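Here is what each chain is made of, one letter per residue.
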Amino acid sequence: MAEEEGAVIELRQRKKPKSSENKESAKEEKINDTPIPERAPKYVLFQRFAKIFIGCLAAVTSGMMYALYLSAYHERKFWFSNRQELEREITFQGDSAIYYSYYKDMLKAPSFERGVYELTHNNKTVSLKTINAVQQMSLYPELIASVLYQATGSNEIIEPVYFYIGIVFGLQGIYVTALFVTSWLMSGTWLAGMLTVAWFIINRFCYLLMSASTYTFMMMWEYSHYLLFLQAISLFLLDSFSLEQSDKVHEVYKIYIFSLFLGYLLQFENSALLVSPLLSLVVALMLAKCLQVKKGTFIAKIMKVINFYLVCTLTVTLNIIMKMFVPHKEHGHMLKFLEVKFGLNMTKNFTMNWLLCQESLQAPSRAFFLRLTQSSVLPFYTLVLIICFFSMLQVIFRRINGKSLKETVTLEDGRIGERPEIIYHVIHTILLGSLAMVIEGLKYLWTPYVCMLAAFGVCSPELWMTLFKWLRLRTVHPVLLALILSMAVPTIIGLSLWKEFFPRLMTELTELQEFYDPDTVELMTWIKRQAPVAAVFAGSPQLMGAIKLCTGWMVTSLPLYNDDDLLKRNENIYQIYSKRSAEDIYKILTSYKTNYLIVEDAICNEVGTTRGCRVKDLLDIANGHVVCEEGDKLTYSKYGRFCHEVKINYSPYVNYFTRVYWNRSYFVYKINTVISFQS
């Protein structure tokens, strides 16, 4: 008996696993020695539940707190609750005024159906032009907001403007919650989510840029298919190197196609979606899938190269064919803008140069990068991006050499680049960052990515382990050090951010700022009291947006830059600040059935902007009244600047225009219908 027991012990000792190949026998011994319970212990389940519960609670709380912070900041900035309705509406700037005005129109409509009909056949906004505002401006969020306001009985509790901005701030809160959850899922710890939110709030955008990003989420952005195009490129590269299951990627492609065609139908057969590069790319990818062969063979590698070339060629070809056969409105100004932006062409055109002078369309300023650096997010983002990028390259080279990916990547492996979601986010952030380096307005898409990726990296033990593998760290156990750093580094960052930036945020909420614009209030009041209901006003697009919102009167142009006709109108109306004759300006204004002209002193006497970017400078260049480049012919205008000359009240200006109102900022002139040409 003793001999048999000794033999059994010796047999068990021989069966101890010495390599990964003996794992199964080791598991069998363990089962014989110590029975495994059928389910996990209660404390393990409780620990998982507590982790998920606390993380979800922190995510929701972060979003709610950010929404409340924005609401409080907005109140302190504009004294919103202490102002009259007209003063509140003036705080809506640019295109946001137009969107809110249509929200108001929906609330005034006798029924939802009638309101939608009036918006889709709108002839009360722009003179001599009937527009489908729902299609052209993607007013679906405004439609939904108006329905919610009336369906929930909020009209008996809260004013429309508070409900509207509440939705705006609520969406910003949801956005922050999404950033929290994304960083949490990538790193495995909700500490990364907290750090993401902290960096995001500290590096938020300026107020106007925040408004722009808010409206990007408020409306179904008409250029959203371009952003989805970048995502499709990221997925295509992920699939090309066999870094993710091809079936999963193609399921996403199917979602893209379904979304495009659904959007095409719901947006009144928006042909821009059919000729979008996204649809061409996805269709090309689906067609190229038919040529894929079995993986792991030499022919498969050759086919990968051919497949890559085929997708690129098919995408361009399909896009050209679609544009040939699908009737669509080509945004020619966009292509011309990109040509001038990248130095491929030069132009004196007012619209192109005016767009190039817009701050949101220029390259990011040094202040932007300085702010990201001072908050420490940019240095950590750069570190995380470099480590993930080179780890991704290692994985790609392994795939090219025919090596397969591990089904489960452990912490000891130190290969963060083998995780498909990491590769996708790295590619996507590089694409977005490249665009943000050219156009500053796109930084509102890239900056949250920077915060999320940086927070994920410093909280991820896998990232630190990848770095230690490269450094061949031996003095300290790398796994232990990686775990320590993944907790210590974000904690130190969080404490430093709290110490330095929390007092600033509190100061913003305690300081009372003043938004005081009595001249604009007086102008709007005069229009509502003195101007005929059927009057048409002309002026700068930004002011016209405010007039449409605050008074409801018809205007000649709008602050929208996605329509060639509106851009041409803007250029023509801006001629009131050029060196043109009174007769020329009169002909331009009467061609749009204008009754009143508003001259803004801030534009006429503009001195503070970048040299060559003032409206009057751009007009002089476009009209050939100044030297633009060396070698150009110098010409002079025999007329003075219209906005100056019309104020003097002498002939022939008084023959065409009669001043009916003025204050420190605005001069309003009535367009004479009966003209005396006597000097």
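Each remark here, short or long, concerns the structure printed above.
Please read all numbers here as calculations on a predicted model, not as lab measurements.

Novice: Can you help me understand the overall build of the protein in this one?
Specialist: Counting its secondary structure elements, the protein contains 32 helices and five strands. Classification of the 679 residues of the protein by burial places 46% in the buried group. A separation of at least 24 residues holds for 70% of the contacts in the protein among residues at least 6 apart in sequence. For the protein, the computed accessible surface area is about 35,900 Å², with 62% contributed by carbon and sulfur atoms.

Novice: For this particular structure, what's the right way to read the pattern of salt bridges?
Specialist: Oppositely charged side chains can form a pair if their charged atoms are brought close together. A complete count under the given rule lists 20 salt bridges for this structure. A salt bridge links Asp565 to Lys129, with the shortest nitrogen-to-oxygen separation between them at 3.1 Å. In this pair, Asp565 sits in helix α27 (residues 564–573) while Lys129 sits in the loop between α6 (112–120) and α7 (133–137), placing the two residues 436 residues apart along the sequence. The class of Asp565 is partly exposed, set by a relative accessible area of 32%. Residues Asp584 and Arg580 are paired through a salt bridge, measuring 3.5 Å at the closest nitrogen-oxygen approach. Given a relative accessible area of 27%, Asp584 falls into the partly exposed group. One connected set of salt bridges, linked through shared partners, spans Lys129, Asp565 and Arg569.

Novice: What should I look at first to understand the packing of aromatic side chains in this one?
Specialist: One pass over the structure, following the stated rule, counts 33 aromatic pairs. Residues Phe180 and Trp184 carry aromatic rings whose centres are separated by 6.3 Å and whose planes lie at 80° to one another, so their mutual orientation is edge-to-face. Of this pair, Phe180 and Trp184 both sit in helix α9 (residues 160–187), four residues apart, roughly one helical turn. One aromatic cluster is present, built from ring pairs that chain together Tyr586, Phe642, Tyr650, Tyr653, Tyr656 and Phe657. The ring of Phe80 has Arg88 sitting right over it, with the charged end atom 5.9 Å from the ring centre. When the ring centre of Trp662 is taken as origin, the NZ or CZ atom of Arg659, which lies over that ring, is 4.5 Å away.

Novice: Even after reading the chapter, I still don't get the pairing of strand β4 (residues 657–662), so can you show me in this structure?
Specialist: Every regular strand shows the same layout, with side chains that alternate between the two sheet faces. As judged from the five bridges shared by β4 and strand β5 (residues 666–671), these two strands associate in the antiparallel manner. In the sheet register, Thr658 faces β5, and the bridge partner there is Lys670. Counting the residues in the hairpin turn of β4 and β5 gives three residues.

Novice: I would appreciate a short explanation of the sheet that holds strand β2 (residues 554–555) in the present structure.
Specialist: Sheet strands pair by backbone hydrogen bonding; their relative direction is either parallel or antiparallel. Ordered by their spatial adjacency, five strands build an open sheet running β2-β1-β3-β5-β4, and the pairing between neighbours is mixed. With one partner strand each, in any of the chains shown, β2 and β4 form the two edges of the open sheet. Pairing geometry for strand β3 (residues 596–600) and β5, over five bridges, is antiparallel. Following the sheet pairing, Ile598 is matched in β5 by Val668. Of the strands in this sheet, β1 (536–538), β3, β4 and β5 are in contact with helix α28 (residues 582–591), which crosses β4 at around 75°.

Novice: Help me out: how do you make sense of the state of the cysteines in this one?
Specialist: Simply put, the disulfide is a covalent bond whose two ends are the sulfur atoms of two cysteines. Inspection of every chain in the model, using the stated rule, returns two disulfides. Shown here is the disulfide that connects Cys357 with Cys613, its sulfur atoms set 2.1 Å apart. On the S-S bond that ties Cys357 to Cys613, the torsion sits near -80°, and the link is left-handed. Placement of Cys357 in helix α18 (residues 350–357) and of Cys613 in the loop between α29 (601–604) and α30 (615–622) is noted, with a sequence separation of 256 residues between them. The disulfide bridge from Cys604 ends at Cys643, spanning 2.1 Å between sulfur atoms.

Novice: Would you mind showing me how to read the nonpolar core here?
Specialist: As a rule of thumb, soluble globular proteins bury nonpolar side chains together. Ranked by internal contacts, the top residues of the largest apolar core, which has 142 residues, are Trp199, Ile527, Phe537, Ile547 and Ile598. Beyond its immediate chain neighbours, meaning those up to four positions away, Ile527 contacts Phe537, Ile547, Thr551, Trp553 and Ile598.

Novice: Looking at this model, I keep getting lost on the environment of Val489. Mind explaining?
Specialist: Among the secondary structure elements, Val489 is positioned in helix α24 (residues 478–510). Separated by 30 residues in the primary sequence, Val489 and Cys459 place their C-alpha atoms 7.6 Å from one another. With residues near it in sequence (within four places) discarded, Val489 still touches Phe380, Val458 and Trp464.

Novice: Please explain the environment of Cys643 as it appears in this structure.
Specialist: For Cys643, the position within the fold is in helix α31 (residues 642–645). The exposure class of Cys643 is buried, given its relative accessible area of 0%. Through-space distance from the C-alpha of Cys643 to that of Gln575 is 9.2 Å; in sequence the pair is 68 residues apart. Excluding residues that lie within four positions of it along the chain, Cys643 makes contacts with Ile576, Tyr577, Val599 and Cys604.

Novice: Please clarify how the pairing of β3 should be interpreted in this entry.
Specialist: In terms of burial, β3 is a largely internal element, five of the five residues being buried. The alternating pattern of β3 places Tyr596, Ile598 and Glu600 on one face and Leu597 and Val599 on the opposite face, and all of these are buried. One ladder, built from two bridges, connects β1 with β3; its direction is parallel. Paired with Ala538 across the bridge in β3 is Leu597.

Parameters at a glance
- Residues numbered from 1 in each chain as written.
- Predicted model: local features only at pLDDT ≥ 70, side-chain atom pairs only at ≥ 80, totals over all residues.
- Heavy atoms only, no water.
- Helix = DSSP H or I, 4+ residues; strand = E, 2+ residues; numbered from the N terminus.
- Buried < 20%, exposed > 50% of the residue type's maximum accessible area, 1.4 Å probe, protein only.
- Contact = heavy atoms within 4.5 Å.
- Areas by Shrake-Rupley, 256 points an atom, 1.4 Å probe, with all protein chains shown as cover.
- Salt bridge = Lys/Arg side-chain N within 4 Å of Asp/Glu carboxyl O.
- Phe/Tyr/Trp six-rings, centres within 6.5 Å; stacked < 30°, edge-to-face > 60°.
- Lys NZ or Arg CZ within 6 Å of the ring centre and 35° of its normal.
- Pairing = 2+ DSSP bridges.
- Axes fitted to C-alpha atoms, helices over the stretch in contact; angles between N-to-C directions.
- Disulfide = S-S within 2.5 Å.
- Core = buried A, V, L, I, M, F, W, Y, C linked by side-chain atoms within 4.5 Å.

Any link to function would need more than the numbers given here.
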